[in-house]
Amino acid sequence: LTVVSHFVHHLLALPVLLAALAVSWLAGWHPFPMTVWLLPLALVPWLMIAGGASLGVSALSVKFRDLRDLVGHLLNLLFFSSPIIYSLDGLAVPPWLERILRANPLAALVELYRALAFGGTIPGPRLWLTALAVGVAGWVLGALIFARFRDTLVESV
């Protein structure tokens, strides 16, 4: 339910993004990306991985009480290792570090969203399939973890 409510909030924020892109286009700072209309498709893998993570973490946090503190630190690490505030294409880092950053499961999802919202390009099928695979893997892993602990969750609370 939390994932769906945040998804609705994101959909309600998309007109603000569209307005900002339109103002940027009218001011001559940036061309308007017509690919922005494909953003709902790019949100499908995000929904899948967020839903899977919610299922898995909720079940595990009932069993392991300290997981709540650990998740905050892991999310912070994941944020800074994801190409959210920087682009992997223009990053001047050693090749080994670039490979590590590209191995981040969220990198494909962020790159897909960025290309559609700001780049004005439709990414190739490889990026779409990678993002979808990450989403499916996140959902399946979270659902398996939840299914594993489902029967004992009530007793643990």
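Keep in mind the model is a prediction, meaning the values are calculated, not measured.

Visitor: What is the right way to read the packing of helix 1 (residues 2-26) against helix 5 (residues 105-119) from this model?
Guide: The N-to-C vectors of helix 1 and helix 5 enclose an angle of 45°; their axes lie 11 Å apart at closest approach. Between helix 1 and helix 5, the angle falls in the class oblique. Residue-level contacts link His10, Leu14, Leu17 and Leu21 of helix 1 to Tyr113, Ala117 and Phe118 of helix 5. Broken down by class, the residue content of the contact of helix 1 with helix 5 amounts to six nonpolar, one polar and no charged.

Visitor: I keep staring at the pattern of salt bridges and nothing clicks. Help me out?
Guide: A side chain of one charge can pair with a side chain of the opposite charge if their charged atoms are brought near each other. Counted according to the given criterion, the structure contains three salt bridges. The closest approach of N and O atoms between Asp69 and Arg68, which form a salt bridge, is 3.7 Å. Judged by relative accessible area, Asp69 falls into the partly exposed class, the value being 45%.

Visitor: What should I look at first to understand the packing of helix 1 against helix 2 (residues 39-63) in this one?
Guide: A pair of packed helices is characterised by two quantities: the angle between their axes and the separation of those axes. It is at 10 Å that the axes of helix 1 and helix 2 come closest, and there the two elements cross at 150°. As judged from the angle between their axes, helix 1 and helix 2 are roughly antiparallel. In this structure, helix 1 meets helix 2 at a crossing whose hand is right-handed. Residues Val3, Phe7, His10, Leu11, Leu14 and Leu17 of helix 1 touch helix 2, and the partners they reach there are Leu39, Leu43, Leu47, Ala50, Gly51 and Ser54. By residue class, the composition of the contact of helix 1 with helix 2 is nine nonpolar, three polar and no charged.

Visitor: What should I look at first to understand the nonpolar core in this one?
Guide: Side chains of nonpolar character tend, in soluble globular proteins, to be buried together. Formed by 16 residues in total, the largest nonpolar core has its most connected members in Leu17, Leu39 and Tyr113. Residue assignment for this core shows that the elements contributing at least two residues are helix 1, helix 2, helix 5 and helix 6 (125-149). Non-local contacts of Leu17, meaning those with residues more than four positions away in its chain, are made with Leu39, Tyr113, Ala117 and Phe118.

Visitor: I would appreciate a short explanation of the layout of surface pockets in the present structure.
Guide: Using a probe with the size of a water molecule, rolled over the atoms, empty space left in the structure can be pinpointed. Its volume calculated, the largest pocket comes out at about 860 Å³. Looking at the largest pocket, it is lined by 24 residues, and the ones nearest its centre are Ile49, Ala53, Val57, Leu75 and Leu78. Elements with a contribution of two residues or more to the lining of the largest pocket: helix 2, helix 3 (67-81), helix 5 and helix 6. Residue classes in the lining of the largest pocket are distributed as 18 nonpolar, six polar and no charged. For the second largest pocket, the calculated volume is near 320 Å³. Taken together, 13 residues form the lining of the second largest pocket, with Arg102, Ala108, Glu111, Leu127 and Thr130 sitting closest to its centre. Looking at the lining of the second largest pocket, the elements that each hand over two or more residues are helix 5 and helix 6. Per-class residue counts for the lining of the second largest pocket are seven nonpolar, two polar and four charged.

Visitor: I keep staring at a nonpolar patch on the surface and nothing clicks. Help me out?
Guide: Together, Val44, Leu129, Leu132, Val136, Trp139, Val140 and Leu144 line one region of the surface with nonpolar side chains, adding up to about 610 Å² of accessible area. Ranked by residue count, the leading element in the nonpolar patch is helix 6, at six residues. Structurally, Trp139 is set in helix 6.

Visitor: Please clarify how the environment of Asp66 should be interpreted in this entry.
Guide: Here Asp66 shows up in the loop between helix 2 and helix 3. In this structure Asp66 comes out as exposed when scored by relative accessible area, which is 63%. Between the C-alpha atoms of Asp66 and Trp46, which are 20 residues apart in sequence, the distance is 26 Å.

So, how was this worked out
- Residues numbered from 1 in each chain as written.
- Predicted model: local features only at pLDDT ≥ 70, side-chain atom pairs only at ≥ 80, totals over all residues.
- Heavy atoms only, no water.
- Axes fitted to C-alpha atoms, helices over the stretch in contact; angles between N-to-C directions.
- Helix = DSSP H or I, 4+ residues; strand = E, 2+ residues; numbered from the N terminus.
- Parallel < 35°, antiparallel > 145°, perpendicular 65-115°, else oblique.
- Contact = heavy atoms within 4.5 Å.
- Nonpolar A, V, L, I, M, F, W, Y, C, P; charged D, E, K, R; others polar.
- Salt bridge = Lys/Arg side-chain N within 4 Å of Asp/Glu carboxyl O.
- Buried < 20%, exposed > 50% of the residue type's maximum accessible area, 1.4 Å probe, protein only.
- Left-handed = near helix turned anticlockwise from the far one by under 90°.
- Core = buried A, V, L, I, M, F, W, Y, C linked by side-chain atoms within 4.5 Å.
- 1 Å grid on protein atoms, 1.4 Å probe; cavity = no way out; pocket = protein on both sides within 12 Å on 5 of 7 lines; lining within 4 Å.
- Points joined across faces, edges and corners; volume = space filled by probe spheres on them.
- Patch = residues over 30% accessible without salt bridge, like charges linked within 9 Å, V, L, I, M, F, W, Y side chains within 5 Å.
- Areas by Shrake-Rupley, 256 points an atom, 1.4 Å probe, with all protein chains shown as cover.

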